Amino acid sequence: MEQRNNVTEFVLLGLTQSPQGQKTLFVVFLFIYIVTMVGNLLIVVTVVVSPTLDAPMYFFLGYLSFMDAVYSTTITPNMIIDLVCEKKSISFQACMSQLFMEHLFGGAEILLLVIMAYDRYMAICKPLHYLTIMNQRVCTLLLLLAWVGGFLHAVVQLFFALNLPFCGPNVIDHFMCDMYPLLKLACTDTYIIGLTVVANDGAMCVVIFVLLLISYGVILHSLKNLSQQGKRKALSTCGSHITVVVLYFVPCIFIYVRPPCTLPIDKSLTVFYTVITPMLNPLIYTLRNGEMKSAMQKLWTRKRK
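All of these numbers come straight from a predicted model, not from anything done at the bench. (Residues numbered from 1 in each chain as written. Predicted model: local features only at pLDDT ≥ 70, side-chain atom pairs only at ≥ 80, totals over all residues. Heavy atoms only, no water.)

### Here we look at the UniProt feature "transmembrane region" (unreviewed entry) in the protein chain
Working step 1: Within the UniProt annotation, "transmembrane region" (unreviewed entry) is assigned to residues 25-48, 60-80, 100-118, 138-160, 191-214, 234-257 and 269-287.
Working step 2: Annotated as 100% helix and 0% strand, the span residues 100-118 places its first and last C-alpha atoms 27 Å apart.
Working step 3: In the segment residues 234-257, helix accounts for 96% and strand for 0%; the C-alpha atoms at its two ends are 32 Å apart. (UniProt positions renumbered as here; feature names shortened; annotations may be inferred. Helix = DSSP H or I, 4+ residues; strand = E, 2+ residues; numbered from the N terminus.)

This is the structure:
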């Protein structure tokens, strides 16, 4: 690999070259990152210490928040630092590590959203068998499958990236390391690899997104058998899940379901699903969930005493 690679570091152009714009974005993204970490870690702590949140839904929600916190940390701090540094560079090894971590947690989170949809299906459509089927052992196994799936997805991305020959230039027109910007710098024909990336990323996003929409469609159709109170609770929960799914998948599909290329809008869309969505998820899940809000209030009251 080293014989085919003359690049030891990459230069990231970031979101803007304007000094004033960089200062503004530094303040904005620092605030977003703080809100993201506080919100997601608060959900994790609340789920762990609250005995009332022992349902499988909250087990998965706690891990979703953990994934969001780590996923954001693999990207946002480096982007924030680059906004105030004159030299915006990242070593080759750090670039590959960021690529791997991004796809590890991103892939695991996508699969976790599928598991959460299945959990809601069992809770609403099979209520009498829900706790028997979704026991602790099954929940742990499903979570492990999400991690394994994310790991395999990230390994594929890393394998292709490590086998790309980079002989210069080394300037990435992005704020992070990702496959399409790296393919643009490779000094070889990347058409076949690009199609593989489309199949690995784009096809996976489309298939899972369609399956999720179908599953939530089935769930919503089955609500006619519930009481009015049950319908309201189920609609609130499913509404939160559907909102998160749409916010996460639509930008990913736009970026990866097309011939391998980079567009100016890609950076803005990447900001949305790597920086904005992890911040919004805690707000979406807590504001629409009475049990979560009540558990947080009890936790806060207990801390103040």
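### Focus: the pattern of salt bridges
Proximity of charged atoms lets side chains of opposite charge pair with each other.
Working step 1: Applying the stated criterion to the full structure yields three salt bridges.
Working step 2: The salt bridge partner of K87 is E9, with a shortest N-O separation of 3.6 Å. Of this pair, K87 sits in the loop between α3 (76-84) and β2 (89-91) while E9 sits in strand β1 (residues 9-12), and the two are 78 residues apart along the sequence. (Salt bridge = Lys/Arg side-chain N within 4 Å of Asp/Glu carboxyl O.)

### A closer look at the sheet that holds β2
Working step 1: Pairing is mixed in the open sheet, where three strands are placed in the order β2-β1-β3. Every other strand in the sheet has two partners, leaving β2 and β3 (171-172) as the edge strands with one partner each.
Working step 2: In this sheet, β3 lies alongside β1 in parallel orientation, the contact comprising two bridges. If you follow V11 over to β3, its bridge partner there is V171.
Working step 3: Along the sheet, helix α4 (residues 92-125) contacts β1 and β2; its crossing angle with β2, the most-contacted strand, is approximately 85 degrees. (Pairing = 2+ DSSP bridges. Contact = heavy atoms within 4.5 Å. Axes fitted to C-alpha atoms, helices over the stretch in contact; angles between N-to-C directions.)

### Remarks on the confidence of the model for the protein chain
Working step 1: Of the residues in the protein chain, 96% have a pLDDT of 70 or more, and the chain-wide mean is 86.
Working step 2: When mean pLDDT is taken per element in the protein chain, helix α6 (residues 136-162) scores highest with 94 and helix α11 (residues 290-304) scores lowest with 74. (pLDDT = per-residue confidence, 0-100.)

### Some remarks on the nonpolar core
Working step 1: Of all hydrophobic cores here, the largest spans 94 residues; its most connected members are F10, F60, F166, L182 and F249.
Working step 2: It is α4 that provides the largest number of residues to this core, a total of 17 residues.
Working step 3: Other than its neighbours up to four places away in sequence, F10 contacts K88, S89, I90, F92, C95, F166, N170, I172, L182 and L185. (Core = buried A, V, L, I, M, F, W, Y, C linked by side-chain atoms within 4.5 Å. Buried < 20%, exposed > 50% of the residue type's maximum accessible area, 1.4 Å probe, protein only.)

### Description of the packing of aromatic side chains
Working step 1: A complete count under the given rule lists twelve aromatic pairs for this structure.
Working step 2: Centroid distance F10 to F166: 5.4 Å. Interplanar angle 85 degrees. Geometry classified as edge-to-face. With F10 in strand β1 and F166 in the loop between α6 and β3, the pair connects residues that are 156 residues apart, well separated along the chain.
Working step 3: With a centroid separation of 5.7 Å and 65 degrees between ring planes, the pair formed by F159 and F160 is classed as edge-to-face. (Phe/Tyr/Trp six-rings, centres within 6.5 Å; stacked < 30°, edge-to-face > 60°.)

### A few points about the layout of surface pockets
Working step 1: The calculated volume of the largest pocket comes to roughly 340 Å³.
Working step 2: Taken together, 14 residues make up the lining of the largest pocket; nearest its centre are R120, A123, I124, K233 and A234.
Working step 3: If you list the elements that add at least two residues to the lining of the largest pocket, you get α2 (56-73), α4 and α9 (228-256).
Working step 4: Element by element, the count of residues in the lining of the largest pocket is highest for α9, at four residues.
Working step 5: Residue composition of the lining of the largest pocket, by class: nine nonpolar, two polar and three charged.
Working step 6: Approximately 240 Å³ is the volume attributed to the second largest pocket.
Working step 7: Taken together, 17 residues make up the lining of the second largest pocket; nearest its centre are D173, H174, P181, T262 and D266.
Working step 8: Every element with two or more residues in the lining of the second largest pocket is listed here: β3, α7 (179-185), α9 and α10 (266-287).
Working step 9: Considering each element in turn, the lining of the second largest pocket owes the most residues, four residues, to α7.
Working step 10: Taken together, the residues of the lining of the second largest pocket sort by class into nine nonpolar, three polar and five charged. (1 Å grid on protein atoms, 1.4 Å probe; cavity = no way out; pocket = protein on both sides within 12 Å on 5 of 7 lines; lining within 4 Å. Points joined across faces, edges and corners; volume = space filled by probe spheres on them. Nonpolar A, V, L, I, M, F, W, Y, C, P; charged D, E, K, R; others polar.)

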